[in-house]
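Notes for the structure review
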Amino acid sequence: MMTIKKSITVLLLISMIFTLTSCWNYKEVNQLNIVVGAAIDKGESNNYMLTVELIHVKGNADVNVSSEVMSIEGDTLLDAVRRFNSITGKRAYWAHIRVVIVCEDIASEDLSRVLGFFVEDAETRSDVFIVISRECKAKDILNADLFMENVVAETINRSLKNSKVLSEFQQASTFSVSKELKTNKKSVTIPTISLLPMDDKKATFINGTAIFKDNKLTAFIDGSETKTMLFLKNDIESGVIVTKYNDRNITLEILDNTTRIKTRIDNDVMTVNVLVDTQAAINEVERDIDFSDIDIIKDIEKLSEIQLVESMEGVIDKAKHYGTDIFGFTQKLYENHPKKFRQIENLGEVEFRNINVDISVKVRILNSGEVSKL
Amino acid sequence: MVIIVEKNTKKHIFKKAKSFEGKTKDEKNTNNSGKLTKSLNRNITIFQSSFSNDDTVIFRKFQNQYSDKIKCCIIIIEGMTDIEHINRRVIEPLQNQVFQRPKSSVNLVDEVQNKVLPVNDVRQSTRLNEMIKAVCYGDTVLLLDGCDVALIISSRGWESRPISEPESGKVVRGPREGFTESIIKNVSLIRRKIKNPNLKFKLMELGKQTHTAICITYIEGIALDSILTELEQRLNRIDIDGILDSGYVQELIQDEPLSPFPTVGSSERPDVVVAKMLEGRVAIIVDGSPFVLTVPHILVESIQINEDYYNHFLFGSFNRFLRAASAIATISIPAVYLAIVTYHQEMIPTQLLISISASLEGVPLPTSLSLIIMMLIFDILREAGTRMPTAIGQAVNIVGTLVLGQAAVDAHLVSSPVIIVTAISGITTFMHPTMIESVVILRLVLIIAASFLGIYGYLIGVILILLHLLSIRSFGVPYMMGLTRLEEHDGQDSWIRAPWWSMTLRPKIIGARNQIRQTSRHNR
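Residue numbering note: each chain is counted from 1, following its sequence as written. Going through the entries in the order they are written, you letter the chains from A and number the ligands from 1. It should be noted that, the model being predicted, local features are given only for residues of pLDDT at least 70 and side-chain atom pairs only at 80 or more, the latter also being counted only at that level, while totals for whole chains, interfaces and linings use all residues. Hydrogens and water molecules were not included; the side-chain quantities draw on all heavy atoms of the structure.

**Focus on the overall build of chain B**
- Helix numbering and strand numbering both begin at the N terminus, where a helix is a DSSP run of H or I of at least 4 residues and a strand a DSSP run of E of at least 2. Of the regular secondary structure elements, chain B holds 16 helices and 14 strands.
- When we talk radius of gyration, it's over C-alpha atoms, and the globule rule is simply 2.2 Å times the number of residues to the 0.38. A compact globule built from 524 residues would reach a C-alpha radius of gyration of about 24 Å, whereas chain B, at 30 Å, exceeds it by more than 25%.
- Each of the three principal axes of chain B carries a C-alpha extent, and together these read 105 × 65 × 40 Å.
- A burial count over chain B gives 52% of its 524 residues as buried.
- Whether two residues touch is decided by their heavy atoms; if any such pair falls within 4.5 Å, the residues are in contact. Here the contacts in chain B between residues at least 6 apart in sequence split such that 66% fall between residues at least 24 apart.
- All accessibility values rest on the Shrake-Rupley procedure with a 1.4 Å probe; residue burial counts only the protein chains present in the view. Roughly 24,600 Å² of accessible area belongs to chain B as shown, and the carbon and sulfur atoms make up 59% of that amount.
- In this tally Asp and Glu are treated as negative and Lys and Arg as positive; neither His nor the chain ends contributes. For charged residues, the charge sits on one atom: NZ in Lys, CZ in Arg, CG in Asp, CD in Glu. Distance from the positive charge centre (56 side chains) to the negative charge centre (51 side chains) of chain B: 8 Å. Burial classes follow relative accessibility: with a 1.4 Å probe on protein chains only, a residue under 20% of its type's maximum area counts as buried, one over 50% as exposed, and anything between as partly exposed.

Put into C-alpha cells, the structure is as follows:
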C-alpha cells in the first residue's frame with residue numbers, strides 16, 4: 001500500500017514538472033525572423049517608431065546573408081514588436097539582437113521607458129549594446145551604407161567590442177544601463193552614434209558619450225573628452241595621447257594605465273584624490289627627436305602630464321556644470337565613508353559640484369615604441 | 001577453411017556432465033525396460049527401437065576371426081564420432097587379436113576392457129538411458145554377445161572451426177586468438193593462460209532437448225563464493241528446452257531483465273575473459289557459442305578494452321576518455337541538437353543560427369521528425385550492414401552515403417546539420433560496441449523527450465537513466481561501481497587506465513576476497 005502511494009506521489013510530482021516549463025515552445029529556426037538590431041524613434045501618429053534589422057538568409061548550401069530594415073509604429077514597444085508579425089509573416093526572434101539604437105529625442109524624455117522591453121522581456125538578452133543616435137534619427141543609422149559587411153547591427157556590435165583600442169567611447173549594455181539608472185550616485189553614460197559622410201555614402205560612426213541625469217539625456221561629450229573620462233574611471237586599456245613638443249606632434253601609445261582614487265571627508269568637505277599613473281611609448285613623431293636624451297623624454301612626460309591634467313579638469317568642470325557625476329566619485333565616497341556620507345546627505349542633496357577633485361598625473365615613457373607594437 | 005577433427009583426448013570433462021541429474025526426465029518415455037538382455041540381437045533391437053527413424057545411427061556387427069563365439073556390435077552416430085579412432089582402436093583389436101572367451105559373460109566385458117581395447121576412456125554400463133545418451137554425445141556403445149553389460153567408449157569427434165581471430169573487438173596489439181564453438185577448445189584456451197591448479201572448471205548441462213554443456217570457470221581464492229553460489233543457483237533454475245548460444249544463458253541469469261543495460265558481460269577473446277577472472281569474476285562457457293559470459297558485469301567494463309592494458313597507459317587513458325565521452329555524446333548529441341534548435345535558439349551563436357536557418361530553408365519536415373527518421377535510417381543501415389555478405393555490404397554503404405548523405409540534402413528532404421548530427425552520433429556508437437544495444441534505444445527515447453520538452457526533457461531523460469544506472473546491480477555489485485567515486489584505487493581503472501605498477505589492488509567488491517594484485521609498491 002505504501003509503495004502504491006509512494007509511486008503515485010512520484011508520478012504526480014513528475015507530472016507537475018511538465019507544467020513548469022515556462023513560456024518557451026517548439027519553434028523551427030526557419031520560421032523565425034532573426035532580429036539583429038533595433039532602432040527606436042518617435043512615431044508620427046503613435047508613440048514610438050520601431051525600426052528593426054532582420055537577417056535575410058538565402059540559399060541552402062551557399063548561405064547568402066543579407067539584412068532588411070523595416071519600420072513600424074506602435075503605442076508601446078511590445079505593441080510595435082508584435083505588429084511586425086503581420087507584415088513579415090514569420091515571428092520576430094529577439095534573442096540574437098546585437099544593438100539597440102535610441103534616438104536622442106526619446107533619450108532626452110525618459111530612457112527607462114524604452115529600456116523596459118529589452119530588460120524585462122524573456123526573449124531579449126540583457127547584454128545587448130545600447131547606443132544613442134546623435135544628430136540623426138535612429139532609423140537612419142540602421143539604413144546606413146555598409147562597408148565590407150552586410151549587416152549594420154553586426155558592424156556596430158564589432159566597433160563597440162573593439163572600443164578599447166581607441167578609448168573614445170565606452171560600451172554600455174541594456175542591463176548595466178538599467179541598473180545604473182536606478183542609482184542617484186552615478187550618472188549613466190551611453191556611447192553616441194552618428195552618420196559620417198564618406199564620399200557619397202554614409203557610414204556609421206561611434207564617438208563620444210551621452211550623459212544622463214534622472215533618466216534624461218542632459219549632455220554630450222566628444223571623443224577626446226570621453227577618453228579623459230575613461231582615464232578618471234580607470235577604464236583605459238589602450239589608446240593614444242597626442243601631445244605637442246616644440247610645435248611637433250608626438251603620439252604616445254598608452255601601454256598601461258592605473259588610476260587610483262582616494263576619498264576623504266573632513267568636516268563635511270568631500271575631497272577626491274585622483275592619482276593617474278600612465279605608462280606609454282612614443283609611437284609616432286613628425287620629425288626626428290633624440291630619444292636617447294633623457295631630458296627630452298622628461299620634457300615630453302611633463303608636457304603630456306600637464307595636457308592630461310588640463311583636459312581632466314575641463315571634463316570635470318563640464319560634468320560639474322551639468323551636475324552629473326559620470327566618474328562615479330559620489331559612489332566611491334559613499335562606499336568608503338558610508339556614515340559620514342549619510343550625514344551630509346541628510347543635511348541636503350549631495351551635489352557633485354561640491355566635491356573637490358585633486359588630480360595628479362604621472363606619465364612614464366617606457367620606450368620609444370619602435371620595438372613595441374600593438 | 002581448414003577443418004580439423006577433434007581427437008577424443010580430453011573427453012573426461014564430459015563425464016561429469018552426465019552425472020548432472022534432473023534434466024533427463026523426458027527420456028523415460030522411450031519404450032524399454034531400462035536393462036539389457038544377454039542376447040546380442042535382442043539388445044540391438046532394443047537400440048533400434050530407441051533410434052527408430054534415425055538413419056544416421058550405425059549398427060556395425062562383427063566378430064573375432066579366431067573365435068566365432070565372440071560377436072560384437074558397435075553403435076555410433078555418423079558425424080559425431082571419430083570413425084578412424086573406432087576403426088583402429090575398437091574394431092581392429094576385436095577382430096584380429098587372439099583372446100579367449102572367459103567362462104562368465106561379465107568376465108568377457110572385463111577382458112575386453114582390460115586387455116583388448118587400447119583406449120583410455122572406457123567404462124561399463126548396464127543402464128540403457130546412459131548408453132543412449134552416450135551415443136547421442138558421439139560416444140560408442142560396444143555390445144558383446146552374451147553380456148548384459150555394455151562398454152561405453154569415448155569417441156567423440158566432429159568437425160569444428162579452428163581457432164581464428166574474432167570478428168568483434170579487433171586489436172592492433174594483443175593476442176589474436178578467439179574462442180570457437182567448441183567448449184573443449186575454449187576451456188583449453190583459458191587453461192593455457194592460467195597454468196594453475198586453482199583454476200576450476202565446473203560442468204553442468206542445460207537445455208531439456210539440447211543437453212548443452214556449460215562450464216563455469218573461476219580462480220579459486222580470487223572469485224567470491226557468494227557470486228559463485230548465486231550463479232549456480234540461477235543456472236540451476238533455468239528450465240528451457242534449448243540453449244543455442246550464450247545469449248540465452250545471459251538473458252536467463254541477468255539481474256535486471258528489463259533494463260537496456262547488460263548486467264552480464266560477454267567476450268570472444270580469451271585474454272579479456274582471463275583478465276576479468278583475475279579480477280575475481282566468474283566466466284561461463286557455453287558449448288556452441290564463441291562468446292564466453294562473465295559475471296558480474298558493471299558499466300565501466302563497457303569502456304574498458306583489452307588494448308588499453310597493452311598500450312602505454314597515457315594512450316590507453318586517452319582512448320578510454322574518448323570512449324567515455326563518445327558514450328555520452330552518442331546518446332546526447334541528437335537530443336541536445338534537437339532541443340537547442342527547436343526550443344533554445346538563444347543558445348546558438350548567431351552565425352551558427354544563421355547557417356542552420358539557411359539549411360532549413362525549404363525543408364518540409366520538422367527538425368524533430370527528420371532527426372528521428374534519419375536516426376532510424378542509420379539504424380536500418382547498421383542492421384542491414386551487419387547481416388549482409390561483405391560484397392553486398394559495400395552496396396549498402398554506397399546507398400547509405402550517397403542517397404542519405406548527399407541526395408537527401410540536395411533534394412531538401414533533410415537539413416545538412418541533421419545529417420551531420422546523425423553521422424556523429426552514429427560513428428560514436430561504434431566506439432563501444434558492447435553498449436550498442438542500450439545506446440540505440442536510449443538515444444531514441446532522449447530524442448523524443450527533447451522534442452517534447454527541449455533541454456528540459458533531455459535532462460529529465462538523463463536523470464532517469466542515471467537513477468536507473470545507480471539503482472541496478474549485477475550479482476550484488478553496484479552497476480556504477482568505479483565511476484561514482486574517485487578515491488585511491490577506485491578510479492584507477494575507470495575514467496583512466498592507471499599504469500600497471502600503480503594498480504596494486506583488485507577492484508572493490510568483485511575482488512574483495514583477495515584484494516592484493518601485486519605487492520611491490522603496496523608495501524613501500
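**A short note on empty space enclosed by the protein**
All names here are of chain A.
- Computed over the protein atoms alone on a 1 Å grid, cavities are sets of points where a 1.4 Å probe fits but cannot get out and pockets are open sets with protein on both sides within 12 Å along at least five of seven lines; a residue lines them when it has an atom within 4 Å of a point. Grid points are joined across faces, edges and corners, and a volume is the space filled by probe spheres set on the points. On inspection of all chains with the given rule, the structure shows one cavity of 30 Å³ or more.
- Lining the largest cavity, in full, are Ser 163, Lys 164, Ser 167, Phe 169, Gln 170, Gln 171, Leu 230 and Asp 235.
- Residues are grouped as follows: nonpolar covers Ala, Val, Leu, Ile, Met, Phe, Trp, Tyr, Cys and Pro; charged covers Asp, Glu, Lys and Arg; every other residue, Gly included, is treated as polar. Of the residues that constitute the lining of the largest cavity, the class distribution is two nonpolar, four polar and two charged.

**Quick word on the pattern of salt bridges**
Residue and element names in this part refer to chain B.
- The rule for a salt bridge is simple: a side-chain nitrogen of Lys or Arg has to be within 4 Å of a carboxyl oxygen of Asp or Glu. Overall, the coordinates contain 35 salt bridges over all chains when judged by the stated rule.
- Close ionic contact of Arg 192 with Glu 177 constitutes a salt bridge, the shortest N to O distance being 3.3 Å. Of this pair, Arg 192 sits in helix H6 (residues 183–193) while Glu 177 is found in the loop between strand E7 (159–160) and H6, placing the two residues 15 residues apart along the sequence.
- For Arg 192, a relative accessible area of 46% puts it in the partly exposed group.
- Through salt bridges that share partners, Asp 379, Arg 382, Glu 383, Arg 387 and Arg 443 make up one connected network.

**A few points about the sheet that holds strand E8 (residues 199–206) of chain B**
All names here are of chain B.
- If DSSP finds at least two bridges between two strands, the strands pair. Spatial strand order, E8-E9-E11-E12-E10: five strands in an open sheet with antiparallel pairing. Looking at strand neighbours, the two that pair on one side only are E8 and strand E10 (265–267), the edges of this open sheet. Direction aside, neighbouring strands of the sheet carry axes that sit 25° apart on average.
- Pairing analysis gives three bridges linking strand E11 (residues 282–286) to strand E12 (residues 292–295), with the strands arranged antiparallel. Note that in E12 the partner of Ala 283 across the bridge is Thr 294.
- The axes are straight lines fitted to the C-alpha atoms, using for helices just the contacting stretch, and the angles between their N-to-C directions are given from 0 to 180°. Relative to strand E9 (residues 212–219), helix H7 (residues 225–237) is tilted by about 175°, and along the sheet it contacts E8, E9, E11 and E12.
- The strands touched by helix H9 (residues 270–278) within the sheet are E8, E9, E10, E11 and E12, with E9 carrying the most contacts at an inclination of about 50°.

**Structural notes on the domain arrangement of chain A**
Residues and elements named next belong to chain A.
- Along its sequence, chain A is carved into domain 1 (27–221) and domain 2 (223–374).
- Where each domain begins and ends is defined by an automated method or by a domain database. For domain 1 and domain 2, the distance between their C-alpha centroids amounts to 31 Å.
- Listed by partner, the interface residues are 22 residues for domain 1 and 25 residues for domain 2.
- Carbon and sulfur atoms supply 57% of the area that domain 1 and domain 2 bury against each other, a total of about 2,000 Å² over both sides.
- Here the buried area means the combined drop in accessible surface, using a 1.4 Å probe, for two parts upon being joined, counting both sides. Contact with domain 2 buries surface across domain 1, with Ser 167, Lys 185 and Ile 221 losing the most and accounting together for 34% of the total.
- Counting every contact that joins domain 1 to domain 2 gives zero salt bridges.

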